[in-house]
Amino acid sequence: MDLISPGRELIKEGKIIRISAKDGDHIERYLFLFNDLLLVCQSLPLISKQQFKIKSKIDVQGLQVFEGHNLETPNTFYVQGQQKSIELHTSTVEEKLEWQNAFESVIAEYNLKRSSKKASLKLGSRLDKEIVGKVPPVWIKDQETSMCMNCTTTFTTFRRRHHCRACGHVICGKCSSHKAPLLYDDNQVSRVCDRCFDILCPSNSERLKTLQTQASVRSQQNQQPAKKTNLILQVKASDSAVISGYLNITCNKKTWLRRWFSVRDDYVLYSFKAHQDVVALTAVPLPGYQVLFVDSDDGIDREHTFKIFHKLKVYYLQAEDESSLKRWIDVLQLVVLLKLPPPEMQQESHSGSH
């Protein structure tokens, strides 16, 4: 795959964990986030001629980032594009926020560039289609504009001005990376802006989808986006709960983790490393899930187990004994339907061995 493309910039790169949608396995990946493209790569051994192997490619166009709701693994989020959706996991909250901020900044910048370009095309389309390249343009002087007349990026000492030989506008280098024959100049091939290139060479318009420019957001906002905090995790393990207690959990049927779980009256299932923790590890809204006893088809060989699941996720949980198992299932089967158990049931179940 050829990654060299005019206007393409590398925004962020680094190791991250991808959670397999098939079996929940954690797979190390290396991300390259460009201003128009996300590459999900596999690191190759040092003896290999290549350092990375591309596993998937996701366009920034249409890309969305969602908060993760993984009950087993903290610090997760989803990246959903036109090609596919992937679940990602970081080792710390700070690292997760850095990636989320990077994705959201790239998406916002990309959308702004597209809307700016569409508006520019709309305003000048009638005049351009009639005369662009056929008659000498009206030459806009350098001092008459402080920004690119295509993408609005501010000119600086290092970001030089260029002129489109078709329309006479002052543009930046990234918006004038093409050349086209001009009828008024005996079909001499000259530098033109992306907008005029679209008109003069319509057969090549598809290639311009990757020719994005530096948006004004970056030039005007040179600070890191404000960090977000996941307020839903700001609960204590000791807070009043409908039911709470220690359970073992697995998603891939291989590794079991012992966690303190708590269901509150907000219909959310929280997990903690220990029963005195003051911040939750994970939080999963339960409405929409189903709760069932584990059967032989699940391939679980542990006693006192049950599962909560929907079409994309299955979690297996193990209670400490048969009575605890029954209490958890009785309560969860109500909560997933947006119902709370009666007070006497809550009092009985609000316990768990420490």
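Residues numbered from 1 in each chain as written. Predicted model: local features only at pLDDT ≥ 70, side-chain atom pairs only at ≥ 80, totals over all residues. Heavy atoms only, no water.

Moving on, we get to unusual backbone geometry. We note that Asp186 has phi near 55°; this positive angle belongs to a residue other than glycine. Summarising the element assignment, Asp186 is placed in the loop between β10 (178-182) and β11 (188-192). Taking the relative accessible area as the measure of exposure, Asp186 reaches 73% and is therefore exposed. Despite not being glycine, Lys253 has its phi angle at roughly 65°, a positive value. Within the element layout of this structure, Lys253 appears in the loop between β12 (243-250) and β13 (257-263). (Helix = DSSP H or I, 4+ residues; strand = E, 2+ residues; numbered from the N terminus. Buried < 20%, exposed > 50% of the residue type's maximum accessible area, 1.4 Å probe, protein only.)

So, on to the pairing of strand β6 (residues 76-80). Looking along a regular strand, one sees side chains alternate from face to face of the sheet. Of the strand pairs in this sheet, strand β5 (residues 64-67) and β6 are connected by four bridges, and their pairing is antiparallel. Paired with Val65 across the two strands is Val79, which belongs to β6. The pairing of β6 with strand β7 (residues 85-89) spans five bridges and is antiparallel. Counterpart to Phe77 in the pairing with β7 is Leu88. Between β6 and β7, which pair antiparallel one after the other, the connecting turn spans four residues. (Pairing = 2+ DSSP bridges.)

Another aspect to go through is the packing of aromatic side chains. Centre-to-centre distance and the angle between the planes together describe a pair of aromatic rings. One pass over the full model with this rule turns up six aromatic pairs. Pairing Phe32 with Phe52 gives two aromatic rings, centres 5.2 Å apart and planes at 85°, and the pair type is edge-to-face. Note that Phe32 is positioned in strand β2 (residues 26-34) and Phe52 in strand β4 (residues 52-59), a separation of 20 residues in sequence. Taking the relative accessible area as the measure of exposure, Phe52 reaches 21% and is therefore partly exposed. Within the aromatic cluster, the residues linked to one another by ring pairs are Tyr30, Phe32 and Phe52. Directly above the aromatic system of Trp99 lies the positively charged group of Lys12, at a separation of 4.7 Å from the ring centroid. (Phe/Tyr/Trp six-rings, centres within 6.5 Å; stacked < 30°, edge-to-face > 60°. Lys NZ or Arg CZ within 6 Å of the ring centre and 35° of its normal.)

For the rest of this paragraph, the subject is the pattern of salt bridges. Within the structure shown, the criterion is met by nine salt bridges. With its nearest N and O atoms 2.4 Å apart, the salt bridge here joins Lys174 to Glu9. Residue Lys174 is found in the loop between β9 (170-171) and β10, and its partner Glu9 is found in the segment before β1 (10-19); the two are separated by 165 residues along the sequence. Judged by its relative accessible area of 31%, Lys174 is partly exposed. A salt bridge links Lys307 to Asp298; the nearest nitrogen and oxygen atoms lie 2.9 Å apart. Each member of the pair, Lys307 as well as Asp298, carries the same accessibility label: buried. (Salt bridge = Lys/Arg side-chain N within 4 Å of Asp/Glu carboxyl O.)

Taken in spatial order, the seven strands line up as β15-β14-β13-β12-β18-β17-β16 in an open sheet, and their pairing is antiparallel. With partners counted over all chains shown, the strands left at the sheet margins are β15 (282-285) and β16 (290-293), one partner each. Within the sheet, the average angular offset between the axes of one strand and its neighbour, ignoring direction, is 35°. Here strand β17 (residues 305-309) runs beside strand β18 (residues 314-318); their pairing, made up of five bridges, is antiparallel. Bridge pairing in β18 links Phe306 to Leu317. (Axes fitted to C-alpha atoms, helices over the stretch in contact; angles between N-to-C directions.)

Bringing the environment of Arg114 into the picture now. Within the fold, Arg114 resides in helix α1 (residues 93-131). Accessibility expressed as a relative area gives 25% for Arg114, which makes it partly exposed. Sequence spacing of Arg114 and Gln61 is 53 residues, and the spatial spacing of their C-alpha atoms is 9.4 Å.

Residue placement: His89 occurs in strand β7. A distance of 2.8 Å separates a polar side-chain atom of His89 from the backbone oxygen of Pro74. Not counting residues within four places of it along the chain, the set of residues in contact with His89 comprises Ile16, Ile17, Ile19, His26, Thr73, Pro74, Asn75 and Thr76. (Polar contact = N/O pair within 3.5 Å; in protein donor to acceptor, adjacent residues only side chain to side chain. Contact = heavy atoms within 4.5 Å.)

On the basis of which strands lie adjacent, the open sheet formed by seven strands has the order β4-β3-β2-β1-β7-β6-β5 and antiparallel pairing. The sheet is open, and its two borders are formed by β4 and β5, each paired with just one other strand. Across the sheet, the mean angle separating the axes of adjacent strands is 35° when strand polarity is ignored.

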